[in-house]
Amino acid sequence: MIYMTHCETLCTTERTTYEDIAFPQSVHIVKDTFRRAKSGLFYPPHKAFDKVILQKTIDYVVDNPVKGKTAFLFAAGSQGWMGTSGRYDRNTEAELHYKTKIPFLTLTNIYAGRIASIFHVHDHVSTDASACASSLKVLMDMQNLFWHYGFDRVIVLAGEDSVCIPSLEFFGDAKASIQLSEEPDRKPSAFDGVNTGFHVGQGAALAVFEKEHAGMSEPMAKFLGAYTSAENNTNPLGQRPDGEGYSKAIDGSLHVSGVRKENVNVVKTHGTGTDANNKAEKAALLRSLDTFVATSYKPRIGHTLSASGLLETGLLLNDMKRGIVPQILNRTEDDDVFLSYDAPAPRGPFLSLAAGMGNIYSAAIFSTEV
Amino acid sequence: MDFLELFDACVRETKPHLDDYTKPTTLDISLKEEDIGLDSLDVTLTLVLISDIYGIPETEDFNIPVGSLREVRDYMLENKNKDFDSVEAAMETVT
């Protein structure tokens, strides 16, 4: 059995508005991680990661060695770090403009090696570039390490340079992120007929998964299985409206976890709120599951890109511990499936979903019963 | 401004975790990992930060001598374009 014993998360519900960029918009940003970023000496994602790499977690891992091997997986999203390839003229005076003085230090594999060494991890280090599905996709890799390669502990770090000018240009240009000119008429939501889309958000998550051992701390959840699928789609940026990719991921996760679909009653959706994702994810869930309630955290904290799958799973675990599955913000219709109100949280298995550009769909099943 | 204190403040700002680091007590200490507990990346980041504090422009070759902390201090003082009365004031400009 694999347990999640630690899950530290970073995100914010607060929004900051930036008007001096190519596509003016609001973002969810942890302000002090951007302090002095323009000096080139500090890289905001690293400052964000510092907030989830807690000394107490390091001490736990170092002081409680496991019998088998330990791995460090860095779910790094697009791996398009350092932001050097924007399509639009830069406004170097913009508050979010920054460029690191030692660019190679921001390379994901070098950063991963640096953090792995802090945890004294010497058996396996890898990075993942599965875009916004990254932090759930690596759970399939993790499962493989546990089941087939003699690993007893896997540390997963998730996040990327989500709030930077190239990222905001990309999502702004694609009309996925809500533009300043559209506020306040358009609010972030998911599976809604009126409110669509998201704000970009900064986020990070660090989780420790391990097999049971003598010194193991109290588990937060049981990890039951994960699966990642593609779908039959020639457009790697698109999503099939019938949700084939999501369905294959859900069905695969049910199969590897041995959980019956009627026993999954709670879903943390990817829930970006774009028209394409609303159609695809809803169709897949209605086809692959029986009776469930679904929530989305992105209307609350923004789209934290690669961090979102694991980070939002951590948020759901905390909410379920409080006994609720939270509503999807800004729904304009009453809905007791894609929740327009807070619902009581049942105990037992729940499903987390994520999707990433490049035709990547990930599903992971956990249980609150440990 | 006490250079040892400034160096220590810069290490604490740049190194992710300080478990192997030993605060230097003399300028004659080397910057080797076995002596001070900083790896090459830690040293590079710290020296970039100190250079920024002293207003020394970046160079392509990054030719700061690293034989000892004294060599670093002498390089900074010879090339500095600004200075501060206290470590707190210096750090305020970069953190």
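Keep in mind it's a predicted model, so treat the numbers as computed, not measured.

### As for the overall build of chain A
Inference 1: Counting its secondary structure elements, chain A contains nine helices and 15 strands.
Inference 2: The C-alpha radius of gyration computed for chain A amounts to 19 Å, which stays within 12% of the reference 21 Å derived for 370 residues, consistent with globular compactness.
Inference 3: Its C-alpha atoms give chain A principal-axis dimensions of about 55 × 50 × 40 Å.
Inference 4: When burial is assessed residue by residue, chain A has 54% of its 370 residues classed as buried.
Inference 5: Across chain A, the fraction of contacts at a sequence separation of at least 24, relative to all contacts at a separation of at least 6, is 80%.

### Quick notes on the overall build of chain B
Inference 1: When helices and strands are counted, chain B shows five helices and zero strands.
Inference 2: When the helices and strands of chain B are listed from N to C terminus, the series reads α-α-α-α-α.
Inference 3: In terms of overall dimensions, chain B is globule-like: its C-alpha atoms have a radius of gyration of 12 Å, near the 12 Å expected for 95 residues.
Inference 4: Dimensions along the principal axes, computed over C-alpha positions, put chain B at roughly 30 × 30 × 20 Å.
Inference 5: Counting across all 95 residues of chain B, residues that qualify as buried make up 27%.
Inference 6: Summarising the internal contacts of chain B: among those between residues at least 6 apart in sequence, 65% fall at separations of at least 24.

### Points about unusual backbone geometry
All names here are of chain A.
Inference 1: Note that the residue after Glu183, namely Pro184, is joined by a cis bond; omega there is 0°.
Inference 2: Notably, Arg36 is not glycine yet its phi reads approximately 60°, a positive angle.
Inference 3: Among the structural elements, Arg36 can be located in the loop between β3 (25–28) and α1 (44–50).
Inference 4: Residue Arg36 is classed as partly exposed on the basis of its C-beta count, with 17 C-beta atoms lying within 10 Å.
Inference 5: The phi dihedral of Asn359 falls on the positive side, at around 70°, and the residue is not glycine.
Inference 6: Given 21 C-beta atoms within 10 Å, Asn359 falls into the buried group.

### Quick notes on helix α9 (residues 308–321) of chain A
Residues and elements named next belong to chain A.
Inference 1: Here α9 is 14 residues long and its end C-alpha atoms lie 20 Å apart, about the 20 Å a rise of 1.5 Å per residue gives.
Inference 2: Burial analysis of α9 places 11 of its 14 residues in the buried class, the great majority of the element.
Inference 3: Regarding α9, the residues found buried are Ser308, Gly309, Leu310, Leu311, Glu312, Thr313, Gly314, Leu315, Leu316, Leu317 and Met320.
Inference 4: Phi turns positive, to about 95°, at Gly323, one or two residues after α9.

### Regarding the environment of Leu136(A)
Residues and elements named next belong to chain A.
Inference 1: In this fold, Leu136 is placed in helix α4 (residues 134–148).
Inference 2: Taking the C-alpha atoms as reference, Leu136 lies 11 Å from Ala76; in sequence the two are 60 residues apart.
Inference 3: Ignoring sequence-local partners within four residues, the contact set of Leu136 consists of Ala226, Gly309, Leu310, Ser352, Ala354, Ser362 and Ala364.

### Here we look at the domain arrangement of chain A
Residue and element names in this part refer to chain A.
Inference 1: According to the domain assignment, chain A contains domain 1 (2–211) and domain 2 (222–367).
Inference 2: Using C-alpha coordinates to define each centre, domain 1 is positioned 20 Å away from domain 2.
Inference 3: Tallying the contact residues gives 51 residues for domain 1 and 49 residues for domain 2.
Inference 4: Listing elements by their share of the side of domain 1 that touches domain 2, those giving two or more residues are β1 (2–10), β3, α4, β6 (151–158), β7 (200–201) and β8 (204–211).
Inference 5: Examining the composition of the side of domain 1 that touches domain 2, we find that seven residues originate from one element, α4, more than from any other.
Inference 6: For the side of domain 1 that touches domain 2, the residue count by class is 27 nonpolar, 20 polar and four charged.

### Points about the interface of chain A and chain B
Inference 1: Chain A puts 10 residues into the contact, and the matching count from chain B is 11 residues.
Inference 2: Here the residues of the side of chain A that touches chain B sort into five nonpolar, one polar and four charged.

### Focus on the nonpolar core
Inference 1: By size, the foremost hydrophobic cluster in this structure holds 105 residues, and its most contacted members are Phe72(A), Val154(A), Val156(A), Ala205(A) and Phe209(A).
Inference 2: Top contributing element to this core by residue count: α4(A), with seven residues.
Inference 3: Looking at which domains feed residues into this core, each of domain 1 (2–211) and domain 2 (222–367) of chain A supplies at least three.
Inference 4: When sequence neighbours within four positions are dropped, the list of residues in contact with Ala205(A) reads Cys7(A), Glu8(A), Thr9(A), Val52(A), Ser135(A), Ala158(A), Gly159(A), Ala307(A), Leu310(A), Leu311(A) and Gly314(A).
Inference 5: By size, the runner-up hydrophobic cluster in this structure holds 22 residues, among which are Leu41(A), Phe42(A), Val11(B) and Val43(B).

### A short note on helix α5 (residues 165–173) of chain A
Residues and elements named next belong to chain A.
Inference 1: Restricting attention to buried positions, one finds in α5 the residues Ile165, Ser167, Leu168, Phe171 and Gly172. Looking straight down α5, one finds that the buried residues subtend no more than 160° of arc, so they occupy a single side.
Inference 2: Tucked inside the fold, the buried residues of α5 contact β3 and β7.
Inference 3: Positioned one or two residues after α5, Lys175 has a phi angle of 60°, which is positive.

### Thoughts on the pairing of strand β4 (residues 69–75) of chain A
All names here are of chain A.
Inference 1: The buried fraction of β4 is high, at six of seven residues.
Inference 2: Examined bridge by bridge, β4 and β6 share seven bridges and lie parallel to one another. If you follow Phe72 over to β6, its bridge partner there is Ile155.
Inference 3: By the bridge criterion, five bridges tie β4 to strand β5 (residues 124–128) in an arrangement that is parallel. Across the sheet, the residue bridging to Phe74 is Thr127, located in β5.

### Let's talk about the sheet that holds strand β9 (residues 221–229) of chain A
Residue and element names in this part refer to chain A.
Inference 1: What the 10 strands build is an open sheet, ordered β5-β4-β6-β8-β1-β9-β15-β14-β10-β11; its pairing is mixed. Strands at the two margins of the open sheet, each flanked by one partner only, are β5 and β11 (293–295). Here the average twist between neighbouring strands, direction ignored, is 25°.
Inference 2: With seven bridges connecting them, β9 and strand β15 (residues 360–367) associate as antiparallel partners.

So, how was this worked out
Residues numbered from 1 in each chain as written. Chains lettered and ligands numbered in written order. Predicted model: local features only at pLDDT ≥ 70, side-chain atom pairs only at ≥ 80, totals over all residues. Helix = DSSP H or I, 4+ residues; strand = E, 2+ residues; numbered from the N terminus. Rg over C-alpha atoms; globule rule 2.2 N^0.38 Å. Buried ≥ 20, exposed ≤ 12 C-beta atoms within 10 Å, placed from the backbone. Contact = placed C-beta atoms within 7 Å. Expected span 1.5 Å × (residues − 1). Domains from an automatic or database assignment. Nonpolar A, V, L, I, M, F, W, Y, C, P; charged D, E, K, R; others polar. Core = buried A, V, L, I, M, F, W, Y, C linked by C-beta atoms within 7 Å. Arc of directions from axis to C-beta. Pairing = 2+ DSSP bridges. Axes fitted to C-alpha atoms, helices over the stretch in contact; angles between N-to-C directions.

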